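# Topology and contacts: notes
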Amino acid sequence: MPGQKDLKNDVLDQDLCSACGMCVGLCPYIKTARDRVRVIYPCGLAEGTCYSICPKTGVDVRAMDLAVFGREREDQALGVMQGIYIARAVQDRASGAQYGGVASALAALALEQGMVSAMVLTGGDVLNPYPVLARSADEARACAGSKYTGVPTLEILNRAIREGLDHPGVVGRPCQVLAARKAEHSPLPGTQFNQAGSFGLVLGLFCFWALDPKFYQFLTNKVKDKIIKMDIPVEGPVIEAESGTYRWQVEDLRPYIKKSCNLCLDSTSEWADIAVGSTEYDPAWNTVLARSDKGRELLDLALRLNVLEVGEYPAERFPLLRRAALNKKMRVLKMQEYQPGRPGCPVVPPEYQKQLEEQWGGIGQ
Amino acid sequence: MTIMGVCCDKPGVKVALTGNESIARGALEAGVGYASSYPGSPTAEVLGTLAKLARQFNLYAEWSINEKVAMEVAAAASFTGLRSLVIMKADGLNVALDFASALAISGCRGGMVIVVGDDPGAHSSVREEDSRNLCKALHLPVLEPASVQEAKDVTREAFSLSESLQLPVVVRCVTRVCHASGDVLLGELAPAGRRPAFNQGDRVITFSIKLHALQEQKLARASDWAGNSRLNSYHGPGDAGRLVIASGPCYMYALEALEMLGLSEQVGVLKLGVTWPLPEKLLLSYLKTAAEVVFAEEVEPFVEDNVMALAARHWDEVGKIKFYGKRNGQVAGPNGPGIGELDPDVLAQSLSAIWGTPYTKPALPAHQEIFDLLGTKMPDRELALCAGCPHRASFWSIRTALELDGRGGIVLGDIGCYTLGIARTGYYLLQTMHCMGAGVGIASGLGKLDCFGFDKPVITVVGDSTFYHAALPALVNARYHRASFMCVVLDNETTAMTGHQPHPGRETTATGEPADTVPMEEIIRGIGIPYAVQDPYDVEAAIEAVYRMLQQQGPRVLILRRACALAAVKGKQKNRVYVDPEKCIGDSCGCSRFCSKVFACPANIWDAESGKARIDEAVCNGCGVCATLCPQQAIVVERTV
Ligand SMILES: Cc1cc2nc3c(=O)[nH]c(=O)nc-3n(C[C@H](O)[C@H](O)[C@H](O)COP(=O)(O)OP(=O)(O)OC[C@H]3O[C@@H](n4cnc5c(N)ncnc54)[C@H](O)[C@@H]3O)c2cc1C
Ligand code: SF4
Ligand code: SF4
Ligand code: SF4
Ligand code: SF4
């Protein structure tokens, strides 16, 4: 099994790191500043945990389905799931919530219920995001709002584990969800994750891409006053600042999209317990995918306790969502850089690939 | 005896002193009224000693901001008729050179002695500059003590010579004399001090070419004086055909070498206590009888060249002489002629080769044998920052921030403890290292190369004492020209390298009087450069601070402030730091012996037997930085407070 040198050569130096943060702080040799992840000193070991858990060092999609859910997926677009809904927070909706505030509400609930000892979240603001280890519902709600850069949030997970926290929870982008699952399920050479399988909750976000730290420069140059919120609706990126609203086209941001995101197959956090995204039609609501039993139970509980209001997912939107997810996958699989098994490129086994093409064709372009 | 010995009022008594204390005693016997210095090895302790006695002897002593200022303030005292002493290392004379060359023209009034500590072998310096060549260019007389006793005698003589010539006199003292200890026969302490006078109409100026002529006359007088001075002496047979001309401690080495070769009866040794101007008449009288002359001096062939020139001028009187020295490679240590120190053994080997006298290295004394034996078993002690040194934490932060930044930023440095940034313990960071403050100037230069497409970020590190000493002009230059670089002040709140002397950022002066502190923040703010202050022991925050500032443009300063570890624990109970072997994962992934192998505080050691890290508690200064870096929290700090 490869180690730090390979992580550096295959992932970091190839600009394939998505800044999930999982390798950061595993040891004193990998550090981060302003979302950059770097090996700062050679550790000298040939095999390493850092390589094993990196979401970009390769994953077999089917094998991961089996490891996490014990079964294969039927839907190649959205992965294993038990149900799809729209939802929004009703009690104590986080004031900075991106959409329906479901992510924050569930994180808070998991903390209150003792389902997790702490939640690994992304706090701060659009220009200055940072990892937060929330231990209370209020701390969790304070992290609401999407930061569109690749924030190495999981760095703080490592610290939490070292400090002896068991069953921590995570809210993360799909790559971060994968990193958490790899840590749970890989045979690891190091002792860093000696409580395998012990995540209390893995809540995944939808994510089609994240932005590079260079985006900060772009933003500071364009927006001089305080930024309140950023969103990327279908019409294009919007920044709400104190003095007004700034709008761009997705094309303006494209130069800042992380290279690793272009090779990513997972836009809906396919290995999360529960995945949350936008609805693309009503900013007051979220799309919610219950995937694992744990995710399903949490959603039920939230409903029972009146934490969330949950509705049926509009039937007419379902194909749109699936098409968006499938389009991304097909785009990746057809890219020249995509060479299955190479760093940054997940492996889709032949039977999955076949289904994928059928389902994509079935949906119509 | 130390300080008690220096001020002991019992003429004729012998007390044990170091060379530096002996110089201080000589100054007291000469009635010094004013002393100034910038700390530098090997002469750093002279002023410290005088400062302790300042009140008792009614003298003024100060650690000046740099050597040039030190020389100026001492000259001022001399202009008023006081006797004054200024002390510096060879590098310091370079700093003071501009004023020194002017002062040599204007001359002085009260006796003024410039003690210059040369460091042959560069034991505690970055170079082994021989300051005599500079002194010759300056037209200043140079006296060289050969022993601890002479350090005192020469210093006292130097005052009276200076006063009679109205010209500063240099006492050039090398490390082996400064740091040696020996019995010193005390002379009388000077009676109570003079009163300064500088009246309207008094002029001490450098203008007019006539003064150059006067300089030459003064030197001629000095040469005459030297001819009769007790500081030069001869040891050996009359009319010796073979002669060794020696200066400084090489005189002692020469006597010993001849003894070992059994040549003491046949070879004469002429010791020059005055090496500039040469005591020409004296020298000629010995050259007349000599057919072979060997030079024993450190470092450069200074006496050698000048005596050979003298002989050439007087070829018809001195006849045919064969000269042996550094120029023909006959007198050379292991590193080659004119490089490094001499010692009795090196000299004996050289003389044996010259005269064909058989020489075998004397058997080692028993303890030496043991030592050598041990030497082969013990690893070489590397040049390393002390345990707990805040500079290590600072260097680690700088290194990490540069790696995170990823633009291949470069790091410049200069002189101080932090010079060790060139070695492993400073993670090999420093890429230039020249003289006090040079890093800032070089950074200011590199910081303007963006117009040629040079886009690497530049960091220069400078110590707190160096900051005051020499960094300011370059910082002003940088601000004025908008040079882009980051200056990191490694502020350990003292002049650590030379023994913790105070500087303008401190609350007291050399003599312990309260000072009007000049905080560096105020200076930097005044120059108009943005700055931040951070504790390097908080490594995470320090990395962040360095990284953030790296992203900025223009000149900027980051002060990494934390007291020198040695000063911090002095007289206090240290925190106890130890490794919990249960938690330490040592070799395995997730650490890979980070503390002992990478961070490498000398107290972080690896216990191969148990496969765990350990703290060498005798060495550890209890800073706790390694504990914050250990990935397993395996290092425990028991705080004493
Ligand atoms: C980079 C990025 C790209 C996204 N792209 C899409 C997309 O294309 N389509 C879509 O439907 N949804 C996308 N989302 C998800 C969406 O923005 C909302 O986060 C999600 O719908 C949850 O909304 P909410 O109101 O429940 O969130 P909130 O209650 O406001 O909670 C937001 C949560 O997101 C976490 N978070 C914020 N920023 C980051 C980050 N950079 N990395 C990891 N976690 C973070 C916070 O910890 C917080 O818990 C993206 C999110 C991110 C961070
Ligand atoms: S996780 Fe292991 S292999 Fe990777 S850098 Fe750290 S010590 Fe080295
Ligand atoms: S993707 Fe995550 S684990 Fe991989 S290198 Fe980047 S931060 Fe480390
Ligand atoms: S605490 Fe650690 S770093 Fe500090 S002096 Fe002791 S061993 Fe060295
Ligand atoms: S850094 Fe910590 S875990 Fe690693 S060897 Fe040292 S004490 Fe052990």
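Just so you know, the residues in each chain are numbered from 1, in the order the chain's sequence is written. Chain letters start at A and ligand numbers start at 1, both assigned in the order the entries are written. Reporting of local features is limited, given that this is a predicted model, to residues whose pLDDT is at least 70; pairs of side-chain atoms are given and counted only at 80 or more, and all residues count toward the totals for whole chains, interfaces and linings. Each side-chain value is worked out from all heavy atoms of the structure, with water and hydrogens disregarded.

### As for the overall build of chain B
Summing up its helical and strand segments, chain B has 24 helices and 24 strands in all. Scaling as 2.2 N^0.38, a compact globule of 641 residues should have a C-alpha radius of gyration of about 26 Å, and chain B matches this with 27 Å. Principal-axis analysis of the C-alpha atoms gives chain B an extent of 80 × 70 × 60 Å. Buried, partly exposed and exposed residues are distinguished by accessible area as a fraction of the type maximum, computed with a 1.4 Å probe on protein chains only: under 20%, between the cut-offs, and over 50%, respectively. Looking at the 641 residues of chain B, the share that counts as buried comes to 56%. Sequence-distant contacts in chain B: of pairs separated by 6 or more residues, those separated by 24 or more amount to 78%. Asp and Glu are treated as the negative residues and Lys and Arg as the positive ones, with His and the ends of the chain left uncounted. By convention, the point assigned to a charge is CZ for Arg, NZ for Lys, CD for Glu and CG for Asp. Counting 59 positive and 69 negative side-chain charges, chain B places the averaged centre of each group 3 Å from the other. Only DSSP runs of H or I with at least four residues qualify as helices, and only runs of E with at least two residues qualify as strands; both kinds are numbered from the N terminus onward. What the globule rule says is 2.2 Å times the number of residues to the power 0.38, and the radius of gyration is computed from C-alpha atoms. In what follows, residue pairs with any heavy atoms lying within 4.5 Å of each other are defined as contacts.

### Looking at the sheet that holds strand 10 (residues 244-247) of chain A
All names here are of chain A. By the convention used here, strands pair only if DSSP detects at least 2 bridges between them. With antiparallel pairing, three strands are arranged side by side in an open sheet as 8-9-10. Strand pairing shows two members of the sheet lacking a second neighbour, strand 8 (227-231) and strand 10, which therefore form its edges. Neighbour-to-neighbour, the strand axes of the sheet open up by a mean angle of 15 degrees, direction not taken into account. Axes here refer to lines fitted to C-alpha atoms; in helices the fit is confined to the stretch in contact. Angles between the N-to-C directions go from 0 to 180 degrees.

### Some thoughts on the sheet that holds strand 13 (residues 308-312) of chain A
The strands making up a sheet associate through backbone hydrogen bonding, with each pair oriented either parallel or antiparallel. Residue and element names in this part refer to chain A. The eight strands lie next to each other as 5-4-6-7-11-12-3-13, forming an open sheet whose pairing is mixed. Each edge of the sheet is formed by a strand with only one pairing partner; in this case those strands are strand 5 (129-134) and strand 13. In this sheet, adjacent strand axes meet at a mean angle of 30 degrees when their direction is disregarded. When strand 11 (residues 274-278) meets strand 12 (residues 286-290), the two strands line up antiparallel, connected through five bridges. Bridging across to strand 12, alanine 275 finds its partner in leucine 289. In the packing of helix 4 (residues 102-112) onto the sheet, the strands contacted are strand 3 (83-89), strand 4 (119-124), strand 5, strand 6 (169-172), strand 7 (201-205), strand 11, strand 12 and strand 13, and the crossing angle to strand 7 comes to about 175 degrees.

### Side note on the domain arrangement of chain A
Residues and elements named next belong to chain A. For chain A, the domain assignment lists domain 1 (61-207 + 259-363) and domain 2 (214-255). Segment limits for the domains were obtained from an automatic or database-derived domain assignment. For domain 1 versus domain 2, the separation of C-alpha centres amounts to 25 Å. Taken together, the contacts link nine residues of domain 1 with nine residues of domain 2. Both faces considered, domain 1 and domain 2 share a buried interface measuring about 1000 Å² in area, 63% of it formed by carbon and sulfur atoms. Together, Val126, Leu127 and Tyr148 form the three largest contributors to the area buried by domain 1 at its contact with domain 2, with a combined 54%. In the sections that follow, a salt bridge refers to a side-chain nitrogen of Lys or Arg positioned within 4 Å of a carboxyl oxygen of Asp or Glu. Taken together, the links from domain 1 to domain 2 amount to zero salt bridges. Throughout, buried area stands for the accessible area (probe radius 1.4 Å) lost by two parts on being put together, summed over both.

### Some remarks on the site of ligand 5
In the region of ligand 5, the neighbouring residues are Val579(B), Cys584(B), Ile585(B), Gly586(B), Cys591(B), Arg593(B), Cys595(B), Ala613(B), Cys630(B), Pro631(B) and Ile635(B). Three categories are distinguished: nonpolar for Ala, Val, Leu, Ile, Met, Phe, Trp, Tyr, Cys and Pro, charged for Asp, Glu, Lys and Arg, and polar for the others, with Gly belonging to the last. Of the residues in the shell around ligand 5, the class split is nine nonpolar, one polar and one charged. Throughout this document, a residue counts as near a molecule or strand when at least one of its heavy atoms sits within 4 Å of that molecule or strand.

### Quick notes on the side chain of Thr57(A)
Residue and element names in this part refer to chain A. Here threonine 57 shows up in the loop between helix 2 (49-53) and helix 3 (61-69). A polar contact of 2.8 Å, which involves the side chain of threonine 57, links it to the backbone oxygen of tyrosine 51. A polar contact of 2.9 Å, which involves the side chain of threonine 57, links it to the side chain of lysine 182. Residues within four places of threonine 57 in sequence aside, it is in contact with Leu7, Val11, Tyr51, Ser52 and Lys182. Think of a polar contact as two N or O atoms within 3.5 Å of one another; within protein, one of them needs to be a possible hydrogen donor and the other a possible acceptor, and neighboring residues in sequence only count if both atoms come from side chains.

### Focus on the site of ligand 1
Residue and element names in this part refer to chain A. Among the 31 residues in the neighbourhood of ligand 1, the closest are listed as Tyr99, Ser104, Gly145, Ser146 and Lys147. Between ligand 1 and glycine 101 there is a distance of 2.8 Å, counted from an oxygen atom to a backbone nitrogen or oxygen. Here an oxygen atom of ligand 1 and a side-chain polar atom of tyrosine 148 are 3.4 Å apart. Using a 1.4 Å probe, accessible areas were evaluated by the Shrake-Rupley method; residue-level cover was limited to the displayed protein chains. Taking 890 Å² as the accessible area of ligand 1 by itself, protein coverage stands at 96%. Within the residue set of the shell around ligand 1, elements represented by two or more residues are helix 4, strand 4 and strand 11. Its residues assigned to classes, the shell around ligand 1 comprises 17 nonpolar, twelve polar and two charged.

### Focus: the pattern of salt bridges
All told, the structure shown has 51 salt bridges over all chains when counted by the stated rule. A salt bridge links Arg62(A) to Glu72(A), with the shortest nitrogen-to-oxygen separation between them at 2.4 Å. Separated by ten residues along the polypeptide, Arg62(A) in helix 3 and Glu72(A) in the loop between helix 3 and strand 3 bring together distant segments of the chain. Since its relative accessible area comes to 27%, Arg62(A) is described here as partly exposed. The partner of Arg322(A) in a salt bridge is Asp75(A), with the nearest N and O atoms 2.9 Å apart. Residue Arg322(A) is found in helix 12 (residues 318-334), and its partner Asp75(A) is found in the loop between helix 3 and strand 3; the two are separated by 247 residues along the sequence. The two residues Arg322(A) and Asp75(A) agree in class, both being buried. Within this structure, Asp118(B), Asp130(B), Arg132(B), Glu144(B), Arg172(B) and Glu297(B) form a network of salt bridges that share partners.

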